[in-house]
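The residues making up each chain are set out below.
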Amino acid sequence: MKMNGQVFSPAEQDLVHKKSMDILENVGIAFPDEGTLSLLEKNGASIDWDRQVAKISREMVDHALATAPKEFTLGARNPANDFALPSAYSALNLDGTGVYALDPSTGDKRYGKLQDISNAAKVFETVPMGKVLWPPIVASDCPSGTRNLMGAATSMIHCSKHIQDEVKDVKEIPFLMGLLTAILGSEKSIRERKIYSVTYCTVAPLMHDKDMMLANMELAKLQVPILVYPMPACGSTGPFSLYTNVAMANAEALSAVVLFQLASPGTPIIFGTAQGIIHRKTGLFLEGAPETVLQGVAMTEMGKRYGLPTTIAGCLTDAKEPGMQAVLEKVLTTLPLSLAGADVIQGIGLLESSMTLSLEQILIDAEIAGLCQRMRDGIEVSSEKDCYNDVVSVGQGGHFLKQPSTRAGFRSNEFYTPTLLDRDSYDEWCALGSPNMFTEANKKVKGILAAEPSNPLPLNIEMQIREIMEEMRRKG
Amino acid sequence: MGPQFDEMKRAVLEGDEDLARELAIEALASHLDLKQVMNEGFLKGIQEAGVLYEQGEYFLPDLVCSADAMKSALKVLDEEIKKPTSGMVSKGKVLLATAQGDVHDIGKTIVGAMLTAAGYEVTDLGPDVPNETILSKADELQVDLIGLSALLTTTMEEQRNMIELMNSQNQRLKYKFIVGGAPVTHTWADVISADGYADDAISAVCLVDSLVE
């Protein structure tokens, strides 16, 4: 069997669901738009019009969960990178809306630029388990109203995998459609291929943001997959206990599932969370803590309970630079999600509570995730892995090196092949100049950035995308 | 120090809003010396809360409760304190807001409470406020300092826009302008030419003290 991890018993999952339903039915959720409130009322919600709060019934939640598809594929502009959900392994995503980048040449920290997103996309293209790309930082050198789409556009040019991003306003949708049409040719293909999905954050506690909500309801009508991504933090924007913070995040996520299924039944939903805890003194959001990943595992379980694919914030750290703390926290916040079977772990490549991009960290985190995936795959007990006959054949003394099954097995999935870990002898390591994971990752990053792209867009399509980017820049 | 002053200090230190308000009402009814009420009572409480916070004994929720208890006492005493006869002098007028497009305001609210506790007249416009509204209110209230907070990387740009708006209206030198919020740093404050940045409520008070004479 596969190695697994869980935080809730089935009875505890039922209790969390009941608690979430109590929140939805008795406390309600704010939807700050009259049209949306009317839609909710028409479908069974009880509305407090003065406070713009909707109380959502169990029947509405059950109906929404029934209409949300349980299986779908996140397409990619290179179909070889299509990613089917649910997944047998935890695929990887970067984490979006960071602020800074560590320069790969100097190591200096500075505000992120569009070029940093292009570089991250090129590096991400080489990560086998990397299947969904959320542009990791905000490009400070682009006009403020265009930054999301500029990041998505440059990612589409430099990475042939599925792109995911936020859309904060309906005004962004025509530009987004322009980008997707340039690549896919028609609205029909956009609906079918689903090469782009959106991240939708509820506002804790228990609110939706009007502009983002309306924009995402429009995208639902185009069957764009939506990642619902609550972020309450224990004791500040959520209750102090992990248990009730999970129940509240779950209520927020379910309210978004209801909203988008009403806007367009059958909209593909990815169930997620980026909830966490805060520094009890300063209030800073903490990502690398055990209490953060415990909540991520809990929401993975709730997503699976509802039969929905999951994307969970993981591989996280509060460390300010690559190094011991970063690796420790990233392992801590990856392995449990991998063992819980999250479909996508979202957060590789970022440091400082997902504020700072490091291209080297993308590769280091890919290694961490690969090791964690090997842990999840566990010990296979099967006829293929039954080497009893080898034991009979070798008997006492001797060795197994010349057994045909050993030679084949050394090339099988029984053993993980590291890409960065040092497993040389001490003398070999010295002869190589005493490398470490970071120096090795830096060498690889420089090689990737210097190489020709492996899956470039046809030039005419790239030109169309660049024209749209110029238009966005002009219009600000 | 009278026992009632000890109780005022304790009400703030323990974050008991109701008790702080009741004690303030009693203080007015009993015609206690306001300067004593503040300096030996309520202010002592908030100062001690600040010390405990710095020592790591108090966490953020403790500080918020103390600040709110202080505010509830000040709300009762405000009118009397502002009279010249009270002997209390305001250290200056501060206007706070969270940038347009940003609905997060826990941090800014704490900064406001601590500034109030430190003796400033604070007006808090809340979250999601357009820069034009902030500037117009600053003019109306004749404030000394504007503080603009942003939690999101996408809304911190409004802090730069605010400077540009002030410049375009020839009002940049009229107000001190400080910035805060999770993605904001000293570097960002320097880049946009703000007058300062603080990373928590206690240092925000020190910053405002240094900027407002």
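Procedures and definitions
Residues numbered from 1 in each chain as written. Chains lettered and ligands numbered in written order. Predicted model: local features only at pLDDT ≥ 70, side-chain atom pairs only at ≥ 80, totals over all residues. Helix = DSSP H or I, 4+ residues; strand = E, 2+ residues; numbered from the N terminus. Rg over C-alpha atoms; globule rule 2.2 N^0.38 Å. Buried ≥ 20, exposed ≤ 12 C-beta atoms within 10 Å, placed from the backbone. Contact = placed C-beta atoms within 7 Å. Pairing = 2+ DSSP bridges. Domains from an automatic or database assignment. Nonpolar A, V, L, I, M, F, W, Y, C, P; charged D, E, K, R; others polar. Core = buried A, V, L, I, M, F, W, Y, C linked by C-beta atoms within 7 Å. Expected span 1.5 Å × (residues − 1). Arc of directions from axis to C-beta. pLDDT = per-residue confidence, 0-100. Axes fitted to C-alpha atoms, helices over the stretch in contact; angles between N-to-C directions. Parallel < 35°, antiparallel > 145°, perpendicular 65-115°, else oblique.

Describing the overall build of chain A
Moving on, step 1. Within chain A one finds 18 helices and 20 strands.
Moving on, step 2. For a compact globule of 476 residues, the expected C-alpha radius of gyration is about 23 Å, and chain A comes in at 23 Å, within 12% of that figure.
Moving on, step 3. Reported as C-alpha extents along the three principal axes, the dimensions of chain A are approximately 80 × 55 × 50 Å.
Moving on, step 4. Within chain A, the fraction of its 476 residues that count as buried is 51%.
Moving on, step 5. In chain A, the proportion of contacts linking residues at least 24 apart, taken out of those at least 6 apart, comes to 75%.

Focus on the sheet that holds strand β7 (residues 100–102) of chain A
Residue and element names in this part refer to chain A.
Moving on, step 1. Read across the sheet, four strands follow the order β8-β7-β20-β19 without closing on themselves; strand pairing throughout is mixed. On the outer flanks of this sheet lie β8 (109–111) and β19 (350–351), each paired with one strand and no other.
Moving on, step 2. The pairing of β7 with strand β20 (residues 356–357) spans two bridges and is classified as parallel. Pairing of Tyr100 across the sheet is with Thr356, part of β20.

Considerations on the domain arrangement of chain A
All names here are of chain A.
Moving on, step 1. Here the domain parsing of chain A yields domain 1 (10–64) and domain 2 (66–377).
Moving on, step 2. Distance between the C-alpha centres of domain 1 and domain 2: 25 Å.
Moving on, step 3. With 22 residues of domain 1 at the interface, the matching set in domain 2 holds 24 residues.
Moving on, step 4. Put simply, the parts of the chain that give the side of domain 1 that touches domain 2 at least two residues each are α1 (10–27), β1 (29–30), α2 (34–42) and α3 (58–67).
Moving on, step 5. Considering every element that reaches the side of domain 1 that touches domain 2, the biggest residue donor is α1, with seven residues.
Moving on, step 6. A class-by-class count of the residues in the side of domain 1 that touches domain 2 yields 14 nonpolar, five polar and three charged.

Topic: the nonpolar core
Moving on, step 1. Ranked by size, the top nonpolar core spans 132 residues in total, and within it A:Leu179, A:Val228 and A:Val257 carry the most contacts.
Moving on, step 2. No other element matches helix α9 (residues 242–263) of chain A, which puts 13 residues into this core.
Moving on, step 3. When we break this core down by domain, the ones giving at least three residues each are domain 1 (10–64) and domain 2 (66–377) of chain A.
Moving on, step 4. Core analysis: the next-biggest nonpolar cluster, separate from the first, contains 76 residues, A:Cys234, A:Leu286, B:Leu77 and B:Trp188 among them.

Observations regarding the interface of chain B and chain A
Moving on, step 1. Facing 13 residues of chain B, the contacting portion of chain A comprises 16 residues.
Moving on, step 2. When contributions to the side of chain B that touches chain A are tallied by element, the ones reaching two or more residues are α4 (60–82) and α5 (106–117) of chain B.
Moving on, step 3. Split into classes, the residues belonging to the side of chain B that touches chain A amount to seven nonpolar, four polar and two charged.

Comments concerning the sheet that holds strand β2 (residues 121–124) of chain B
All names here are of chain B.
Moving on, step 1. Pairing is parallel in the open sheet, where five strands are placed in the order β2-β1-β3-β4-β5. Taken across any chain shown, the strands that pair with only one partner, and hence form the sheet edges, are β2 and β5 (196–197).
Moving on, step 2. As paired elements, strand β4 (residues 176–180) and β5 share two bridges and run parallel to each other. Considered in β5, the bridge of Ile178 is made with Gly196.

Here we look at the domain arrangement of chain B
All names here are of chain B.
Moving on, step 1. In terms of domains, chain B is made up of domain 1 (3–86) and domain 2 (93–211).
Moving on, step 2. The centre of domain 1, based on its C-alpha atoms, is set 25 Å off from the matching centre of domain 2.
Moving on, step 3. If you look at the interface, domain 1 gives eleven residues, while domain 2 gives seven residues.
Moving on, step 4. Of all the secondary-structure elements, those providing two or more residues to the side of domain 1 that touches domain 2 are α3 (34–54) and α4.
Moving on, step 5. Element by element, the count of residues in the side of domain 1 that touches domain 2 is highest for α4, at seven residues.

Topic: α1(A)
Residue and element names in this part refer to chain A.
Moving on, step 1. Between its first and last C-alpha atoms α1 spans 25 Å; for 18 residues at 1.5 Å apiece the expected length is 26 Å, and the two agree.
Moving on, step 2. Those residues of α1 that sit buried are Val16, Ser20, Ile23 and Leu24. Along the axis of α1, the buried residues cluster in a sector spanning 95°; they form a single face. Opposite the packed face of α1, turned more than 90 degrees from it, sit the exposed residues Pro10, Ala11, Asp14, Lys18, Asp22 and Asn26.
Moving on, step 3. Gly28 sits one or two positions beyond α1 and adopts a positive phi of about 85°.

Thoughts on the confidence of the model for chain B
All names here are of chain B.
Moving on, step 1. In the predicted model, chain B carries a mean pLDDT of 90, and the fraction of residues at 70 or more is 100%.
Moving on, step 2. Predicted confidence in chain B is weakest over α5, with a mean pLDDT of 82, and strongest over helix α2 (residues 17–29), with 97.
Moving on, step 3. The ipTM for the predicted assembly is 0.83, set against a pTM of 0.91.

Topic: the environment of A:Leu308
Residue and element names in this part refer to chain A.
Moving on, step 1. Considering the arrangement of structural elements, one finds Leu308 in the loop between α10 (290–305) and β17 (310–313).
Moving on, step 2. Separated by 255 residues in sequence, Leu308 and Val53 place their C-alpha atoms 26 Å apart.
Moving on, step 3. Once residues within four sequence positions are removed from consideration, Leu308 is found in contact with Ala68, Lys70, Ile269, Ile270, Phe271 and Gly303.

Structural notes on the packing of helix α6 (residues 173–184) of chain A against helix α18 (residues 459–475) of chain A
All names here are of chain A.
Moving on, step 1. Two numbers describe how α6 lies on α18: the axes approach to 9 Å, and their chain directions differ by 170°. In terms of their interaxial angle, α6 and α18 are classed as roughly antiparallel. Note on element contacts: α18 touches α6 through Ile461, Gln464, Ile465, Ile468 and Met472, opposite Phe175, Gly178, Leu179, Ala182 and Ile183.
Moving on, step 2. Looking at the contact of α6 with α18 residue by residue, the classes come out as eight nonpolar, two polar and no charged.

Side note on the pairing of strand β14 (residues 269–273) of chain A
Residues and elements named next belong to chain A.
Moving on, step 1. By the criterion of burial, β14 is predominantly enclosed, with five of the five residues buried.
Moving on, step 2. Of the two faces of β14, both are covered, the one formed by Ile269, Phe271 and Thr273 as well as the one formed by Ile270 and Gly272.
Moving on, step 3. In the sheet, strand β12 (residues 226–228) pairs with β14 via three bridges, with the strands oriented parallel. Bridge pairing in β14 links Leu227 to Ile270.
Moving on, step 4. Both β14 and β17 contribute to a ladder of three bridges, which runs parallel. Bridge pairing in β17 links Gly272 to Thr311.

A look at the pairing of β17(A)
Residues and elements named next belong to chain A.
Moving on, step 1. Burial along β17 is two-sided: the residues Thr310 and Ile312 and Thr311 and Ala313 are all buried.
Moving on, step 2. Note: β17 against strand β18 (residues 344–348), three bridges, orientation parallel. From the neighbouring strand, Ala313 faces β18, where its bridge partner is Gln346.

Topic: the environment of A:Ser241
All names here are of chain A.
Moving on, step 1. Along the chain, Ser241 falls in the loop between β13 (233–234) and α9.
Moving on, step 2. For Ser241, a count of 11 C-beta atoms within 10 Å corresponds to the exposed category.
Moving on, step 3. Each C-alpha atom of the pair Ser241 and Ser354 lies 23 Å from the other, and the pair is 113 residues apart in sequence.

Quick look at the packing of helix α4 (residues 114–125) of chain A against helix α17 (residues 437–450) of chain A
Residues and elements named next belong to chain A.
Moving on, step 1. Relative to each other, α4 and α17 sit at 105°, their axes nearing to 9 Å. As judged from the angle between their axes, α4 and α17 are roughly perpendicular. Residues Asn119, Lys122 and Val123 of α4 pack against Val445, Ile448 and Leu449 of α17.
Moving on, step 2. Across the contact of α4 with α17, the residue classes break down as four nonpolar, one polar and one charged.

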